[in-house]
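Architecture at a glance
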Amino acid sequence: MTMTQDQIQQYVMTYLDATECQILEKSPYHVTVKLSPQADRDLTNRPYYWGFVERTGVEPETMSFSFVFDAEGYEALQERSDNTSSAKPGVGSGAPQLGSTQTAGQPQAPGAADDSVLGRYFGPIRPLPILGPGRIQKEVLTFGSPRLKQIFTAARQGGRCVYLFEDPGQRQRMTLFPASYEPWLGVCFKLEFCCDIKREEMHFIGISLLNGRIDELFSNRLAGIQLVPRLPENVSIEPSELSPAEGRDALEQRLRDKLSTYDMSWADAAAIRLREELELIDAYYQPLLNDSDEERKQEIAGQYEARRSEIRWQYEPRIVASVINYGIFHLRSPR
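The paragraphs below set out a description of the structure included in this document. (Residues numbered from 1 in each chain as written. Predicted model: local features only at pLDDT ≥ 70, side-chain atom pairs only at ≥ 80, totals over all residues. Heavy atoms only, no water.)

**Some thoughts on the overall build of the chain**
The helix and strand tally for the chain stands at 11 helices and 11 strands. Restricting the contact set of the chain to residue pairs at least 6 apart, pairs at least 24 apart contribute 70%. Roughly 22300 Å² of accessible area belongs to the chain as shown, and the carbon and sulfur atoms make up 53% of that amount. (Helix = DSSP H or I, 4+ residues; strand = E, 2+ residues; numbered from the N terminus. Contact = heavy atoms within 4.5 Å. Areas by Shrake-Rupley, 256 points an atom, 1.4 Å probe, with all protein chains shown as cover.)

So, in structure tokens, the structure goes:
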């Protein structure tokens, strides 16, 4: 499984928007953001700093990042920006440059006199690097990069369980009659068909906790709906007839029923390949196990069992089901 650069960009932008990061600069090739406190905790690995913030109650200073999605396009954009800057009047002429000597009559920056005194005794002092919140770090995000894995982990932990409501819009807030909302349990299952060849499937299934109706295309039901984390005004929630545990059991049973209709010829073929591999291992190790040296015989027997275990893990057909995320979604009831 992999992702295109467009998919990576869409995923990262969704994460930044969900965590309320402040976008400082944006182009088709990159985005520069000041992280929100939540995103800073997730991505910067500064537990001691955040422990200090929690103990003292000071206003946190979050870090800034430039996330690059297309390195070539970003470099071309930077070159065009540099060329535009160098073509402006006054650049490259007699205009004062950054880091040039202070001219007479201009006020000195705070600390400049102290720097000159220290320089007299200790020689030229190198400027300190800009660290911490004032520094903007650049990260090129590609599929498999450590920073993108970090974002995946943060999104999975933060969005594993949600409790959301459909936004009824301003018109519903002004009407006299409250809207009726129906609670749904939505679960995103991942199915892994494992042998020496692996295949994965994602199934986002929902069940109404009001009447037990199951929607196998629950993502389509949520498409185009604006969801909010708080109960909107002038909205009533229908009481649930099923508990979340009962809804979970019903979804798992539906998934088993769905799997029972699958073509399992791939598992039969994998079982044949497993048997052939085990036969090759047996043919190789059986003569060695007849060694008269007991110490060597025990060593070979350990290798033999370890090799058989590896082959079983690699070739043995199996289906692994896991939950990616889930949530309770309160949606407008059909009239």
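**What to know about the packing of helix α10 (residues 265-288) against helix α11 (residues 294-315)**
Here α10 crosses α11 at 170°, and the two axes come no closer than 10 Å. Comparing the axis directions of α10 and α11 gives the class roughly antiparallel. Along the contact surface, α10 presents A270, R273, L274, E277, L278, I281, D282, Y285, Q286 and L288, while α11 presents I300, Q303, Y304, R307, R308, I311, R312 and Y315. (Axes fitted to C-alpha atoms, helices over the stretch in contact; angles between N-to-C directions. Parallel < 35°, antiparallel > 145°, perpendicular 65-115°, else oblique.)

**Considerations on the layout of surface pockets**
Volume-wise, the largest pocket comes out at about 2000 Å³. Considering the residues around the largest pocket, the lining is formed by 44 residues, among which Y11, A155, R156, G159 and N325 are closest to the centre. At the level of secondary structure, the elements contributing two or more residues to the lining of the largest pocket comprise α1 (5-18), α2 (37-43), α6 (146-158), β5 (161-166), β6 (179-194), β7 (199-208), α8 (218-222) and β11 (318-332). Sorting elements by how many residues they give to the lining of the largest pocket places α1 first, with 7 residues. (1 Å grid on protein atoms, 1.4 Å probe; cavity = no way out; pocket = protein on both sides within 12 Å on 5 of 7 lines; lining within 4 Å. Points joined across faces, edges and corners; volume = space filled by probe spheres on them.)

**Digging into the nonpolar core**
By size, the foremost hydrophobic cluster in this structure holds 20 residues, and its most contacted members are V12, L16, F67 and F69. Of all the secondary structure elements, the ones that give two or more residues to this core are α1, β2 (30-34), α2, β3 (64-68) and α6. When neighbours within four sequence positions are excluded, F69 is seen to be in contact with Q5, I8, Q9, V12, M13, Y29, H30, V31 and L141. Of all hydrophobic cores here, the second largest spans 12 residues; its members include V187, F189, I205 and I328. (Core = buried A, V, L, I, M, F, W, Y, C linked by side-chain atoms within 4.5 Å. Buried < 20%, exposed > 50% of the residue type's maximum accessible area, 1.4 Å probe, protein only.)

**A short note on the pattern of salt bridges**
Per the counting criterion, the structure on display carries 14 salt bridges. One salt bridge connects E216 with K258, and the closest N-O pair in it is separated by 3.5 Å. Residue E216 is found in the loop between β8 (214-215) and α8, and its partner K258 is found in helix α9 (residues 244-260); the two are separated by 42 residues along the sequence. Classification of E216 as partly exposed rests on a relative accessible area of 33%. Across the pair D249 and R248 runs a salt bridge whose closest N-O atoms are separated by 3.1 Å. Put simply, E192, K198 and E200 are held in one network by salt bridges that share partners. (Salt bridge = Lys/Arg side-chain N within 4 Å of Asp/Glu carboxyl O.)

**Side note on the side chain of E166**
Considering the arrangement of structural elements, one finds E166 in strand β5. With no salt bridge to any partner, buried E166 finds its closest opposite charge in R332, at an N-O distance of 4.4 Å. Within the structure, E166 has its side chain in polar contact with the backbone nitrogen of R332 (distance 2.8 Å). When near neighbours in sequence (up to four residues on either side) are disregarded, E166 contacts Y181, I225, Q226, L227, P232, H330, L331 and R332. (Lys, Arg positive; Asp, Glu negative; His and termini not counted. Polar contact = N/O pair within 3.5 Å; in protein donor to acceptor, adjacent residues only side chain to side chain.)

**Some words on the packing of aromatic side chains**
Taken as a whole and judged by the stated rule, the model has 12 aromatic pairs. Arranged with centres 5.0 Å apart and planes meeting at 85°, the rings of Y11 and F152 form a pair that is edge-to-face. With Y11 in helix α1 and F152 in helix α6, this residue pair connects regions lying 141 residues apart in the sequence. Following the ring pairs from residue to residue traces out a cluster consisting of W184, F204, F218 and F329. (Phe/Tyr/Trp six-rings, centres within 6.5 Å; stacked < 30°, edge-to-face > 60°.)

**Looking at α1**
One turn of the α-helix equals 3.6 residues, which is why residues spaced by three or four share an orientation. Taking 1.5 Å of rise per residue, the 14 residues of α1 would be expected to cover 20 Å, and the 20 Å separating its terminal C-alpha atoms lies within 8% of that figure. Looking at the packing, one finds that the buried side of α1 touches β1 (22-26), β2, α2, β3 and α6. E20 sits one or two positions beyond α1 and adopts a positive phi of about 60°. (Expected span 1.5 Å × (residues − 1).)

**Some details on the environment of A71**
With respect to the helices and strands, A71 occurs in helix α4 (residues 71-86). Judged by its relative accessible area of 31%, A71 falls in the partly exposed class. Taking the C-alpha atoms as reference points, A71 and L141, 70 residues apart in sequence, are found 8.9 Å from one another.

Fair warning: the whole summary comes from geometry, so function is off the table for now.
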